[in-house]
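Architecture and fold: a report
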Amino acid sequence: MSHPVAIDDLRQRLMQAGYVADDGLATALGCAVGLERAVLLEGDAGVGKTDAARALAAVYGASLLRLQCYEGLDLAAAAYDWNYGKQLLAIRAAEASHDRMPDLYADDFLIRRPLLAALGAERARGIVLLIDEIDRADDEFEAFLLEFLADFAISIPERGTIAAIHRPIVILTSNRTRDLHDALKRRCFYHWIGHPTVEREIEILRLHLPELSPALASDVARAAAALRARELRKPPGIAESIDWAQTLGLLGADRLDAAVFGPSLGSILKYPEDIDTARAAAGSIVAAARDEGAA
Amino acid sequence: MIDAAPAAAGFDRALRARGIAAGTRRTLTFAEVLRVLPPTTTRELYWRARVAMLPSIDDLDAFHAAFVEFWGALDDAGALHRLVRMVGEQRPPRDAPKREAIPPPPSDRAADERSAESAPTRWIVASREESLRDRPFEELDDSERAAMLRLIDRIRIAGEVRASRRRRVHAHGDRFDFRGTLRGAARTAGELLVRRATRRRTRLRPLIFLLDVSGSMAPFARALVQYARVTAIARPRVRAFAFATRLTDLGPWLKRASDEHLMAAIGAAVHDYGGGTRIGAALRSFNERYAQRGIARGGTVVVLSDGWERDDAGLLGREMARLRKLTRRIVWVNPHKRHAAYEPLARGMAAALPYLDAFLSGHSLRTLEAVADAIEGRTA
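Residues numbered from 1 in each chain as written. Chains lettered and ligands numbered in written order. Predicted model: local features only at pLDDT ≥ 70, side-chain atom pairs only at ≥ 80, totals over all residues.

A closer look at the overall build of chain B
Definition in use: By definition, any uninterrupted DSSP run of H or I lasting at least four residues is a helix, any uninterrupted run of E lasting at least two residues is a strand, and each is numbered from the N terminus. Buried means a residue has 20 or more other C-beta atoms within 10 Å of its own C-beta, exposed means 12 or fewer, and partly exposed covers the counts in between; C-beta atoms are placed from the backbone.
Looking only at helices and strands, chain B has 16 helices and nine strands in total. Taking all 380 residues of chain B together, the buried fraction comes to 36%.

Side note on the overall build of chain A
Here is the rule we go by: Throughout, a pair of residues is in contact if the C-beta atoms placed from their backbones lie within 7 Å.
Looking only at helices and strands, one finds 14 helices and nine strands in chain A. Relative to its full complement of 295 residues, chain A shows a buried share of 39%. Here the analysis covers contacts within chain A between residues at least 6 apart in sequence; of these, 76% occur between residues at least 24 apart.

Remarks on the interface of chain A and chain B
Keep this limit in mind: Under this grouping Gly is polar, as are all residues other than the nonpolar Ala, Val, Leu, Ile, Met, Phe, Trp, Tyr, Cys and Pro and the charged Asp, Glu, Lys and Arg.
Facing 32 residues of chain A, the contacting portion of chain B comprises 27 residues. Among the secondary structure elements, those contributing two or more residues to the side of chain A that touches chain B are helix H2 (23-35), helix H5 (84-96), helix H8 (182-186) and strand E9 (188-192) of chain A. With eight residues, H2(A) is the largest single contributor of residues to the side of chain A that touches chain B. Tallied by class, the residues present in the side of chain A that touches chain B amount to eleven nonpolar, nine polar and twelve charged.

Topic: helix H3 (residues 42-53) of chain B
The following threshold applies: Each helix should span, by expectation, one fewer than its residue count multiplied by 1.5 Å.
With twelve residues, H3(B) extends 16 Å between its outermost C-alpha atoms, agreeing within 8% with the 16 Å of an ideal straight helix rising 1.5 Å per residue. Across the twelve residues that make up H3(B), a large majority, ten, are buried.

Side note on the confidence of the model for chain A
Where we set the bar: Confidence of the predictor in every single residue is expressed as pLDDT, which spans 0 to 100.
Mean pLDDT over chain A stands at 89; residues scoring 70 or higher make up 97%. For chain A, per-element mean pLDDT is lowest for helix H14 (residues 282-294) of chain A, which scores 78, and highest for strand E5 (residues 127-132) of chain A, which scores 96.

Digging into the pairing of strand E7 (residues 160-163) of chain A
Residue and element names in this part refer to chain A. This is how it is decided: The pairing criterion is simple: DSSP has to find at least two bridges between the two strands.
Of the pairings in the sheet, the one linking strand E6 (residues 153-156) to E7 comprises four bridges and is antiparallel in character. Residue pairing across strands places isoleucine 154 opposite isoleucine 162, the latter belonging to E7. Once E6 ends, the chain turns through three residues before running back antiparallel as E7.

Topic: the packing of helix H2 (residues 24-36) of chain B against H3(B)
All names here are of chain B. Filter applied, for reference: Axes here mean lines fitted to C-alpha atoms, for a helix over just the part in contact, with angles spanning 0 to 180 degrees between N-to-C directions. Angle categories: roughly parallel below 35 degrees, roughly antiparallel above 145, roughly perpendicular from 65 to 115, and oblique for all the rest. Left-handed describes a crossing whose near helix is turned anticlockwise from the far helix by less than a right angle; the clockwise case is right-handed.
Closest axis-to-axis distance for the H2/H3 pair is 9 Å, and the angle between their directions is 150°. One finds that H2 runs roughly antiparallel with respect to H3. As H2 packs across H3, the resulting crossing turns out to be right-handed. Residues Arg26, Thr29, Phe30, Val33 and Leu34 of H2 pack against Arg48, Ala49, Ala52 and Met53 of H3.

Structural notes on the sheet that holds strand E8 (residues 329-333) of chain B
Residue and element names in this part refer to chain B. Spatially, E6-E5-E4-E7-E8-E9 is the arrangement adopted by the six strands of the open sheet, whose pairing is mixed. Each edge of the sheet is formed by a strand with only one pairing partner; in this case those strands are strand E6 (247-249) and strand E9 (358-360). On average, each strand axis in the sheet is inclined to that of its neighbour by 20°, with strand direction left out of account. On the sheet, helix H11 (residues 218-234) packs against strand E4 (207-212), strand E5 (238-243), strand E7 (300-304) and E8 and is oriented at approximately 160° with respect to E4. Of the strands in this sheet, E4, E5 and E6 are in contact with helix H13 (residues 279-291), which crosses E6 at around 45°.

Some details on helix H3 (residues 49-59) of chain A
Taken as a whole, H3(A) has its buried residues at A:Lys49, A:Ala52, A:Ala53, A:Ala55, A:Leu56, A:Ala57 and A:Val59. Buried residues in H3(A) make contact with helix H1 (7-16), H2, strand E1 (38-42), strand E2 (63-68), E5 and strand E8 (169-174) of chain A.

Here's the deal with the sheet that holds E1(A)
Residues and elements named next belong to chain A. Across the sheet, which stays open at both edges, the five strands sit in the order E2-E5-E8-E1-E9 with parallel pairing between neighbours. Here the strands that pair on one side only, and so sit at the sheet edges, are E2 and E9. Strand-to-strand twist across the sheet, computed as the mean angle between neighbouring axes with direction ignored, equals 20°. Judged from the six bridges that link them, E2 and E5 form a sheet pairing that is parallel.

Some thoughts on the confidence of the model for chain B
Fine structural detail should not be taken from predicted coordinates in areas where pLDDT scores are low. Residue and element names in this part refer to chain B. Averaged over all residues, the pLDDT of chain B equals 79, while 81% of them reach at least 70. Here residues 87-126 is modelled with pLDDT under 50, and outside its nearest four sequence neighbours on either side it reaches 24 contacts, counting other chains as well. Taken over the whole predicted complex, pTM reads 0.70, whereas the ipTM for its chain interfaces reads 0.74.

Some details on the packing of H1(A) against H2(A)
Relative placement of two packed helices is described by the angle separating their axes and the distance separating the axes. Residues and elements named next belong to chain A. Remark: H1 packs on H2, axes separated minimally by 9 Å, with the N-to-C direction vectors making an angle of 105°. Classified by the angle their axes make, H1 and H2 are roughly perpendicular. Side by side, H1 and H2 meet where Ile7, Leu10, Arg11 and Leu14 of the first sit next to Ala26, Thr27, Leu29 and Gly30 of the second. Partitioned by chemical class, the residues of the contact of H1 with H2 number five nonpolar, two polar and one charged.

A few points about the nonpolar core
Here is the rule we go by: Here a nonpolar core is just a set of buried residues of the types Ala, Val, Leu, Ile, Met, Phe, Trp, Tyr and Cys, joined wherever their C-beta atoms sit within 7 Å.
Grouped together as the largest cluster of nonpolar side chains are 110 residues, with contacts concentrated most on A:Leu29, A:Ala32, A:Val39, A:Val128, A:Ile171, A:Phe189 and A:Val220. Judged by nonpolar contacts, the second largest core, of 63 residues, contains B:Ile152, B:Leu254, B:Ile330 and B:Ala351.

Some points on the environment of A:Gly30
Looking at where A:Gly30 falls in the secondary structure, it is placed in helix H2. Given 28 C-beta atoms within 10 Å, A:Gly30 falls into the buried group. Taking the C-alpha atoms as reference points, A:Gly30 and A:Arg11, 19 residues apart in sequence, are found 8.8 Å from one another. Those residues within four positions of A:Gly30 in sequence are excluded, and the remaining contacts are A:Val5, A:Ile7, A:Leu10 and B:Leu37.

Thoughts on unusual backbone geometry
Residue and element names in this part refer to chain A. In the Ramachandran plot, glutamate 36 falls in the positive-phi region, its phi being about 55° despite a non-glycine side chain. Assignment of secondary structure puts glutamate 36 in the loop between H2 and E1. Judged by the 19 C-beta atoms lying within 10 Å of it, glutamate 36 falls in the partly exposed class. The backbone phi angle of glutamate 133 is positive, close to 55°, even though this residue is not glycine. You can see glutamate 133 is positioned in the loop between E5 and helix H7 (139-151). With 19 C-beta atoms packed within 10 Å, glutamate 133 lands in the partly exposed category.

Topic: the environment of B:Leu37
Structurally, B:Leu37 is set in the loop between H2 and H3. Residue B:Leu37 is classed as buried on the basis of its 21 C-beta neighbours within 10 Å.

Details of the environment of A:Val5
With respect to the helices and strands, A:Val5 occurs in the segment before H1. On the basis of neighbour count, A:Val5 is assigned to the partly exposed category, with 19 C-beta atoms found within 10 Å. A:Val5 sits 22 residues away from A:Thr27 along the chain, and the two C-alpha atoms are 9.6 Å apart. Among residues more than four places away in sequence, those in contact with A:Val5 are A:Leu10, A:Gly30, A:Val33, A:Gly34 and B:Leu37.

Here it is in structure tokens:
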């Protein structure tokens, strides 16, 4: 089943949900929704991969199910598990009262984890399933996802196959700590979320921090861009620049200047070496932020 | 309703000509996207093509080239017309550029000749194994080197394991298995007679080779590349990188049978031949692009280098400190160490020394076996 989605309209609605998406991201999400296929978002930490799922869920009024991946994630934690304690109690109770043995694999005893729960949407686009940081899971889990993403069904040996009536919107994110199998990537739309342009970053800052002065938002975005242009261990993502703008606001600054630059760096850079690099270049970064801001 | 399959298939061919194997599934997806969400501008077409067909951000440059070639430049309105016309005429798209010729695989006959050549000499290899074991690699002639490479194939495959988070059923497991026990009880009329348990599985730790392939190190690098290759074929989680002036991932070629691509990749690391080695810079790009993302975490890194740093030795020291924090064990192989009077005078070597778990010469087969031990934390 496919439903056309107007990409520009989707972008507008994402904006209303507090998320600024560029052409590529809006297209990727729109295709995923329209063709009911998963989308894989890759990018450095802090560029807004997880937030994209949150915003998409808000757009469709869907509930967001999040599955955080880690090594050793197995079906019992990701898809379903049986409530063993309850099963044992049911057996004992049936014995004590000489009743017929209850069906031990009825719904009552089934614990629905995110993947199984995602198959239970009551309407189209009713559920957004976020499979976060898939690169942290191991090969075995990836192999299981192949089946899940192909059929949107889970086979439970005791119950048979449970299939989705309305397919969930599936978003996978990866930080690229390892390469994913191509078999998995082939089943997804793919988008790389890069660092934003200055204009887009200003837009994002103002959307997230409405009380932030336009001048400070522009200073922060330009300074963040200047920082990213330097050789840093960890170039700051959007999450960090939002933190930074918030910190500067708390410090009572209305423009970025040398007095607040140094002390507030800890909220945007997370390595001592990076902070040293930034301190050494404080003058030129502040100047770059303000000059262009004024121009 | 338009049928976009020919357009998608043609674009797939154009991508393939540029070395991007998008595959049939992506092509079908792209065709469906064109059908369900027909683009109205070239820009829209571009993004639809990209989210459906681009396998990885690493392929972006080739993707751009193929897109421009096949559809026209981004702001060229003609591209859309081409799409519409193509779809209308239901005809395969214009000729995609020819693929690069792929060298034919060696024929059986050639293989026979090779084995015929090597067969009579096999006993010689066996008999001279002992004499080869202690000979430094740089003193070997061509036939000895070939024999040496075959002997490297027999060195023990090193691998250290750690407990995995995954569990499997085990008779003497340390955690009670509810599900297994309950299912077992079904066979005994609901009585819980057999206790089942699980135990943690083990998982191989990553093993990474960083090989200095500059002129003077070449014979030793060749031997370690061979060892890295044998290891990579035998066990998972092995990566190898070559560096001289810049770092190159030997990645996909490491496990292939043909030396040709592997040697080309190594050649790419020696950008500026004879220009000396920039160990610190190579380590920094390794740390930034690979180690920090997690490929080396909890693993062993084997560095082959003589420690002659062309640039600032301070950078090398800093990057070693960083690598130290990202890995479990660092083994440094320096062939000069075999000389009794050797002292780590090279500034780079002196800077790296405090961060090493093992410092070995690895200049001959026997010492290479010691490297295999050191990878697992055993000292000779």
